[in-house]
Amino acid sequence: MSHRKAQNLEIDNLDIQILSILMKNATTPYTEIAKELIVSGGTIHVRMKKLEEMGVIKGASLEVDPQKLGYDITAFLGIFLEKGSQYNEAVKQLKTVKEIVELHYTTGSYSIFAKIVCHDTTHLREVLNEQIQGVKGIQRTETFISLEESIRRQITLE
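- As annotated in an unreviewed UniProt entry, the protein chain carries the name Lrp/AsnC family transcriptional regulator for asnA, asnC and gidA and is attributed to Mucilaginibacter frigoritolerans.

What follows is the structure, given as structure tokens:
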């Protein structure tokens, strides 16, 4: 794999290997990674700190299954704004809707595309009618209910 440059700091093959391991399982101990890659635990720690400072690593989080917590509906929402200039204000208001788990500024038909999770269709209707469609600047929305998530993954670095 060729060397990559980011913010004038190099990301080498060891960095890519470390990232690949942790992207598969973020709880892998540094000592285990070091043993697998035949380097010291200190090297892994230094490399991780460098990758964090470069902004390559944005953080670590715990992934939960929303369905097991009673969120049975995943929907995608195409949002039409009255004017593109209302984007920043609309996003500011949409950030308060806790059911929105992803939000993207897009090209194409929609100004904004969102992923939302709800308990059921009643909850979805309430979120749409009482929260999202009341946001200043939103002209209308189109909702797509997901029947199944078939692929969910990080990018592959190898």
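From this point, the narrative continues.
Re helix α3 (residues 41–54)
Logical step 1: The end-to-end C-alpha distance of α3, which contains 14 residues, comes to 20 Å, matching closely the 20 Å that a straight helix rising 1.5 Å per residue would cover.
Logical step 2: Buried within α3 we find I44, R47, M48, L51 and M54. Buried residues in α3, looked at end-on, bunch into an arc of 125°, giving them a common side. When the buried face of α3 is taken as reference, the exposed residues oriented beyond 90 degrees from it are V46 and E53.

Digging into the pairing of strand β4 (residues 100–105)
Residues in a regular strand point their side chains to alternate faces of the sheet.
Logical step 1: By the bridge criterion, 5 bridges tie β4 to strand β5 (residues 112–118) in an arrangement that is antiparallel. Considered in β5, the bridge of L103 is made with A114.
Logical step 2: Once β4 ends, the chain turns through 6 residues before running back antiparallel as β5, passing G108 with a positive phi of about 95°.

Description of the packing of aromatic side chains
Logical step 1: Scanning the entire structure with this criterion turns up 6 aromatic pairs.
Logical step 2: Geometrically, the ring pair formed by F80 and Y110 is edge-to-face, given 5.1 Å between the ring centres and 65° between the ring planes. Of this pair, F80 sits in strand β3 (residues 73–81) while Y110 sits in the loop between β4 and β5, and the two are 30 residues apart along the sequence. In this structure, F80 and Y110 share a single accessibility class: buried.
Logical step 3: Look at Y87 and Y105: their rings are 3.8 Å apart centre to centre, the planes differ by 20°, and that puts the pair in the stacked class. Residue Y87 is located in helix α4 (residues 87–94), and its partner Y105 is located in strand β4; the two are separated by 18 residues in the primary sequence.
Logical step 4: Counting every residue linked through ring pairs, the aromatic cluster contains F76, F80, Y110, F113 and F144.

Brief notes about the environment of I138
Logical step 1: Topologically, I138 is positioned in strand β6 (residues 138–145).
Logical step 2: Beyond its immediate stretch of four places on either side in the chain, I138 contacts I79, F80, L81, E82, L94 and I132.

Here's the deal with the pattern of salt bridges
Logical step 1: By the definition in use, this model includes 10 salt bridges.
Logical step 2: A salt bridge links R152 to E63; its shortest N-O distance comes to 3.4 Å. Residue R152 is found in the segment after β6, and its partner E63 is found in the loop between α3 and β3; the two are separated by 89 residues along the sequence. The same class applies to R152 and to E63, which are both exposed.
Logical step 3: Here K68 makes a salt bridge to D65, at a shortest N to O gap of 3.6 Å.
Logical step 4: Residue class for K68 comes out exposed when judged on its relative accessible area of 69%.
Logical step 5: Classification of D65 by relative accessible area gives partly exposed; the value is 36%.
Logical step 6: When salt bridges with common partners are traced through the structure, they connect D12, D15, R47 and K50 into a single cluster.

What counts as what
Residues numbered from 1 in each chain as written. Predicted model: local features only at pLDDT ≥ 70, side-chain atom pairs only at ≥ 80, totals over all residues. Heavy atoms only, no water. Helix = DSSP H or I, 4+ residues; strand = E, 2+ residues; numbered from the N terminus. Expected span 1.5 Å × (residues − 1). Buried < 20%, exposed > 50% of the residue type's maximum accessible area, 1.4 Å probe, protein only. Arc of directions from axis to C-beta. Pairing = 2+ DSSP bridges. Phe/Tyr/Trp six-rings, centres within 6.5 Å; stacked < 30°, edge-to-face > 60°. Contact = heavy atoms within 4.5 Å. Salt bridge = Lys/Arg side-chain N within 4 Å of Asp/Glu carboxyl O.

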